[in-house]
Amino acid sequence: MRIIQSGFGAVGQSLAGLLESRDDIYTKYGIMTKFVAISDSGGTIHDESGLDPARMIQKKRQEGTISDSKKSISSIIQNMDADVLIEATPSNYIDGEPGMTNIITALKRGIHVISVNKGPLALALPSLVEMAVYNGVYLRFSGTVGGGTPILNYAKKSLRGERITSFRGILNGTTNYILTSMGGGMSFEEALGDARGRGYVEADESLDLDGWDVAAKLTILSNWVMNQKTTIHQVERDGIRDVTQQDIQRSTERGNAIKLVANCNDVISVGVEDVPFDDPLCIHGTLNAASFTSEHSGTQTIIGRGAGGIETASSVLRDLLDIRQVVTK
Ligand code: HSE
């Protein structure tokens, strides 16, 4: 599979390292991968005969960018021979760019797309899916919700045939880590500083703290799992900035923990709630969890690590395997 990858941050580099290090991807699954172009914020690099992933990672670390070409990523996607675009540029919830153009260009050219970028999906998932279907290609995005934990596939595949009537989730590791630390006695500012020090907080802190990241994941889930045609801007959204140590203590005295919860039922919303200690959603630290309630099988919860470069790269690998399976059937 000839891969164009837009974005070479933590996820992009982890994926390059993962594909490089796993011989069994070919022996077990019959997939031979080749990166023919990569972009980062500094520019692009491309080679029809394939780029060496280890050298790209080293170049990025040493020089800060892989760039050595004047071509833009959009013109590369428009003109280069490729099977899959892996879209891993940062999420933008205003116009989805540059990921939106990258994805649309690839789909229109008949190139499969795997996106870990939430922006375009949170703004236009139904039309992007329609565009993929129209052009006979696959659009996959397992890594956008839950990092390496297959939350989307759990709902879509493991629960297939069921009618999911509602779901709730803890979908942002950073805010859950901060709230957990506050439960241990820290103030909001101390807990935020600690989370920043560990590299958990997004460069644009508002994405985590004001619920944008959760709202994006909730939008993707509600579209994909519940067929709701929503965009991120229709989600009722609140964050954790106003949670005080007093709120945490009051909640603890009642046998609860304060959590930033994503809800999809009659309304689609993100906000702080008291979650009982014995609720499976009452997870700690950077974990994510999603509880799906369906018509016949009750409520089931999937829990796991919700972020991280290598975890999210493992989701991209699953998507690659899915695409390979369906295109070679
Ligand atoms: N900032 C996100 C989180 C990770 O803390 O969960 C990317 O989705």
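Quick summary incoming for the structure in this document. A quick note: this is a predicted structure, and the numbers were derived from the prediction, not measured.

Within the secondary structure, Asn153 sits in helix α7 (residues 151–158). Using a relative accessible area of 17% as the deciding quantity, one classes Asn153 as buried.

One finds Ile4, Leu139, Ile178, Leu221 and Phe292 to be the most contacted residues of the largest nonpolar core, which totals 68 residues. Ranked by the residues each element gives to this core, the list is headed by helix α11 (residues 212–226), at 9 residues. Those residues in contact with Ile4 that sit more than four places away from it in its chain are Val36, Ala37, Ile73, Ile76, Ile77, Met80, Ala82, Val84, Leu85 and Ile86. Within the second largest apolar cluster, 28 residues are counted, among which are Ile3, Leu19, Ile86 and Ile114.

This paragraph deals with the pattern of salt bridges. For the structure shown, the criterion picks out 17 salt bridges. Arg22 is paired through a salt bridge with Asp24; the nearest N and O atoms lie 2.8 Å apart. A network of salt bridges, in which partner residues are shared, links Arg2, Glu48 and Asp81.

With that settled, the discussion passes to the site of the ligand. Taken together, Lys118, Asn172, Gly173, Thr174, Glu202, Asp208, Asp213, Lys217 and Ala307 form the complete shell of residues around the ligand. Side-chain polar atom of Asp208 to a nitrogen atom of the ligand: 2.8 Å apart, as the coordinates give it. Here the shell around the ligand is composed, by residue class, of 1 nonpolar, 3 polar and 5 charged.

The next thing to look at is the sheet that holds strand β8 (residues 236–237). A sheet is described by the order of its strands in space; here 6 strands give the open sequence β8-β10-β9-β7-β11-β12, paired in mixed fashion. Looking at which strands have only one partner, the edges of the open sheet turn out to be β8 and β12 (298–305). Across 6 bridges, the pairing between strand β7 (residues 164–170) and strand β11 (residues 287–294) is antiparallel. Along β11, the bridge assignment pairs Ile170 with Ala289. Sitting on the sheet, α11 is in contact with β7, β8, β9 (256–264), β10 (268–276) and β11, with an inclination near 160 degrees to β7. Packing against the sheet, helix α12 (residues 245–253) makes contact with β9 and β10, and its axis sits at approximately 95 degrees to β9.

What follows deals with the packing of helix α6 (residues 119–134) against α11. Helix-helix packing is characterised by the crossing angle of the two axes and by the distance between the axes. Contact geometry for α6 and α11: axes closest at 9 Å, N-to-C directions at 20 degrees. Classified by the interaxial angle, the pair formed by α6 and α11 is roughly parallel. Crossing of α6 over α11 shows right-handed handedness. Seen from α6, the contacting residues are Leu121, Ala122, Leu125, Pro126 and Val129; seen from α11, they are Ala216, Thr219, Ile220, Asn223 and Trp224. Its residues placed into classes, the contact of α6 with α11 shows 8 nonpolar, 2 polar and no charged.

With that settled, the discussion passes to the packing of aromatic side chains. Scanning the entire structure with this criterion turns up 5 aromatic pairs. Centroid distance Tyr93 to Trp212: 6.5 Å. Interplanar angle 10 degrees. Geometry classified as stacked. Of this pair, Tyr93 sits in the loop between β4 (84–87) and α5 (99–108) while Trp212 sits in helix α11, and the two are 119 residues apart along the sequence. A relative accessible area of 8% places Tyr93 in the buried class.

Take the side chain of Asp40 next. By the element assignment, Asp40 lies in strand β2 (residues 34–40). With relative accessibility at 11%, the residue Asp40 sits in the buried group. A distance of 2.9 Å separates a polar atom in the side chain of Asp40 from the backbone nitrogen of Ile66. Not counting the four nearest positions on each side in its chain, Asp40 is found in contact with Phe8, Lys60, Gly64, Thr65, Ile66 and Ser67.

Reading the values: the criteria
Residues numbered from 1 in each chain as written. Predicted model: local features only at pLDDT ≥ 70, side-chain atom pairs only at ≥ 80, totals over all residues. Heavy atoms only, no water. Helix = DSSP H or I, 4+ residues; strand = E, 2+ residues; numbered from the N terminus. Buried < 20%, exposed > 50% of the residue type's maximum accessible area, 1.4 Å probe, protein only. Core = buried A, V, L, I, M, F, W, Y, C linked by side-chain atoms within 4.5 Å. Contact = heavy atoms within 4.5 Å. Salt bridge = Lys/Arg side-chain N within 4 Å of Asp/Glu carboxyl O. Near = heavy atom within 4 Å. Polar contact = N/O pair within 3.5 Å; in protein donor to acceptor, adjacent residues only side chain to side chain. Nonpolar A, V, L, I, M, F, W, Y, C, P; charged D, E, K, R; others polar. Pairing = 2+ DSSP bridges. Axes fitted to C-alpha atoms, helices over the stretch in contact; angles between N-to-C directions. Parallel < 35°, antiparallel > 145°, perpendicular 65-115°, else oblique. Left-handed = near helix turned anticlockwise from the far one by under 90°. Phe/Tyr/Trp six-rings, centres within 6.5 Å; stacked < 30°, edge-to-face > 60°.

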